[in-house]
Amino acid sequence: MLTYKYSAISKDGSKVHGVVEAYNELDAADKIKQSCDIIEKITQVKTKKSDSILNYEIGGKKLNKKAFTMMCSQFSTILKAGVPISRCTRLVADKTSDKVIKKMLDAVAKDVESGRSVTQSFKDEGGDILPIVFIETINAGELSGNMDSAFDQMYKHYEEELKMAAKVKSALAYPAFVLLVAVVVVIVLMGVVVPKFTEIFDGYGQELPWITRSLIAVANFFQHWYILIVGIIVAIVLAYKLYSNTEDGRMKCARLSFELPAIGNIVQLSTASQFANNMAALMASGLTITQCVNITSRAISNYYASTEVGKMSGKLAEGKSLGDSMRQIKVLPDILVDMAAVGEETGSIEQTLSTIAKYYDSELDQAIADLIKKMEPTLLCFVAVIAGYIVIAIYIAMFSLYSAM
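Figured I'd write up the structure that's included with this text. (Residues numbered from 1 in each chain as written. Predicted model: local features only at pLDDT ≥ 70, side-chain atom pairs only at ≥ 80, totals over all residues. Heavy atoms only, no water.)

What about the overall build of the protein?
Working step 1: Within the protein, the regular secondary structure consists of 16 helices and three strands.
Working step 2: What you see for the protein is a C-alpha radius of gyration of 28 Å, clearly larger than the 22 Å of a compact globule of 405 residues, by over 25%.
Working step 3: Expressed along its principal axes, the backbone C-alpha trace of the protein runs to roughly 90 × 50 × 45 Å.
Working step 4: Among the 405 residues that make up the protein, the fraction classed as buried is 39%.
Working step 5: A separation of at least 24 residues holds for 59% of the contacts in the protein among residues at least 6 apart in sequence. (Helix = DSSP H or I, 4+ residues; strand = E, 2+ residues; numbered from the N terminus. Rg over C-alpha atoms; globule rule 2.2 N^0.38 Å. Buried < 20%, exposed > 50% of the residue type's maximum accessible area, 1.4 Å probe, protein only. Contact = heavy atoms within 4.5 Å.)

Looking at helix α10 (residues 263–284)
Working step 1: Spanning 22 residues, α10 covers 32 Å between terminal C-alpha atoms, matching the ideal 32 Å at 1.5 Å per step.
Working step 2: Of all the 22 residues making up α10, 17 are buried; the element is thus mostly covered by neighbouring parts of the structure.
Working step 3: Looking one or two places after α10, you find G286, whose phi comes out positive at around 95°. (Expected span 1.5 Å × (residues − 1).)

Here we look at the environment of E142
Working step 1: Looking at where E142 falls in the secondary structure, it is placed in helix α6 (residues 132–144).
Working step 2: Using a relative accessible area of 25% as the deciding quantity, one classes E142 as partly exposed.
Working step 3: On a C-alpha basis, the gap between E142 and V118 in space is 7.4 Å, while along the polypeptide they are 24 residues apart.
Working step 4: Setting aside chain neighbours within four positions, we find E142 in contact with S117, V118, T119 and M147.
Working step 5: Reaching out from E142, the side chain makes a polar contact with the backbone nitrogen of V118 at a distance of 2.8 Å. (Polar contact = N/O pair within 3.5 Å; in protein donor to acceptor, adjacent residues only side chain to side chain.)

Quick word on helix α5 (residues 118–126)
Working step 1: When α5 is considered as a whole, its buried residues turn out to be V118, T119, S121, F122 and G126. Mapping the buried residues of α5 onto a view down its axis gives an arc of 160°, with all of them on the same face. (Arc of directions from axis to C-beta.)

Description of the nonpolar core
Working step 1: M71, F122, F134 and L336 are the most contacted members of the largest nonpolar core, which has 74 residues in total.
Working step 2: Tallying contributions element by element places α10 first for this core, with 11 residues.
Working step 3: Here L336 is in contact with A272, F275, A276, M326, L353, I356 and Y360, once residues within four sequence places are set aside. (Core = buried A, V, L, I, M, F, W, Y, C linked by side-chain atoms within 4.5 Å.)

Considering the pattern of salt bridges
Working step 1: According to the stated counting rule, one finds eight salt bridges in the structure shown.
Working step 2: Between E113 and R90 there is a salt bridge, with its nearest N and O atoms 3.1 Å apart. Placement of the pair is E113 in helix α4 (residues 99–113) and R90 in helix α3 (residues 85–95), with a sequence separation of 23 residues.
Working step 3: We note a salt bridge from D248 to K252, for which the minimum N-O separation is 3.4 Å. Residue D248 and its partner K252 are located together in helix α9 (residues 247–259), separated by four residues, close to a single helical turn.
Working step 4: D248 sits in the partly exposed class, given a relative accessible area of 42%.
Working step 5: Accessibility expressed as a relative area gives 49% for K252, which makes it partly exposed.
Working step 6: One continuous salt-bridge network, built from bridges that share partners, spans D111, R116 and D124. (Salt bridge = Lys/Arg side-chain N within 4 Å of Asp/Glu carboxyl O.)

Okay, here's the thing in C-alpha cells:
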C-alpha cells in the first residue's frame, strides 16, 4: 500500500493534517472522507528504497498474471475438496514456481495459521501488487463463507483478461517485426551503404542530381548528429514521464487518450469492458452496488475514467439509480448505460452486466484487430517509400555518372 499525507476540514470545522495508507489516491480520499467533510490536499509520501544489492530483487516485485491466474484456479479446486484455507495456502505455495507469489503465499499462510483473516493477510502481504478487485472479492467470499466460489470467479475473470492480452500480443507481432526490419534497413542503408556510394561519387567530381544530394545530406546529418537526436528523444520521453506523474499531467494525458483518433475508440471500449467485467464479478460476490462502483473505479486503468467512475459513489449515496449515475459521468458508452439501467429496473443487473461485458470484450478485440490491420499496410508503405527513395537516389546518380563518361 501507498502512504499519503493530507490536509482537510473535519466535520466540526477544524483544519486537520494527517497520514493515511491506501492503494491509490481515490482510496485515500475515501478513507479521509470518513472523518472529514472537505479534502484540501492529498500528496503521496515517497518512500526511500534500500540501495543494498543484497535487498535487490532481480526483475522487481511484479505480479506474473499467468501465475496469479493459475493460483486462483488452484485455490478454487483445493478448497472445493474441503481442505482448510491455511492448509490450502501451503499447498498452493508449494506448487507455484513464481518466486513473488510463493513468497507472498508463505507469508499469508503464516498469518492465517496465527488466526488472522485471509483478506487481511492478502492485503498486508500482497496489497501493493494484488488487484483491488481480487482483494474485495476474496473479502466478500470470506464473509459469506464461499471462498471456493470467490477464487473460481477470480480465476475465470483473470483468465479472460489473459486471453485478451494474448490476442493483442499475437496480433502485434507482425507489425512489430515489420517496424523492426524497417529500422534495421534504414540504419544499414544510411550508415553503411550510402557513405560507400558517397565516396565513389566524390571520386568522379561530377555534380550529382538533387535527390542524391538530399540523400547524402540526410545520411551525413544522422551520422554527425545521431547523439543529439537520441538525446532529444530521451528528453521528450523523460519530460512526458515527469509530467504524466503529476496530478494535472496524469489527468490531462488520460483525458486526451479518449479523444485521439483510432486510439480513443479503443480506450473507450477498454474502459467499458473493464467497468462491466469488474462490476459483474464484484456483484456476483454479493457486494452492494455502491461498494462495487467504488472498487471498480480503482480497477479501471485510465485515470480520467477511474476518477469519473469514482464520482458515481457520491451520486448513488444521494439516492440516484445506477443508470442515472452512469449517464452523468459521460465516459461510458450509451449502450452500456442503457443496458445497465434496464438490468437495474428488471432486477437482473448482474446477468446484464456479464452479458454486455462479453459484448465489449468482443468489440475491443475487433477494434484492436482493425487498427493493427490498418497499421500493416502503413508500415509497409513507409518501408517502401524509404527504401525506394534511397535506391532511386543511388541509381539516378549512377546513370548520371555513366552518361557523363
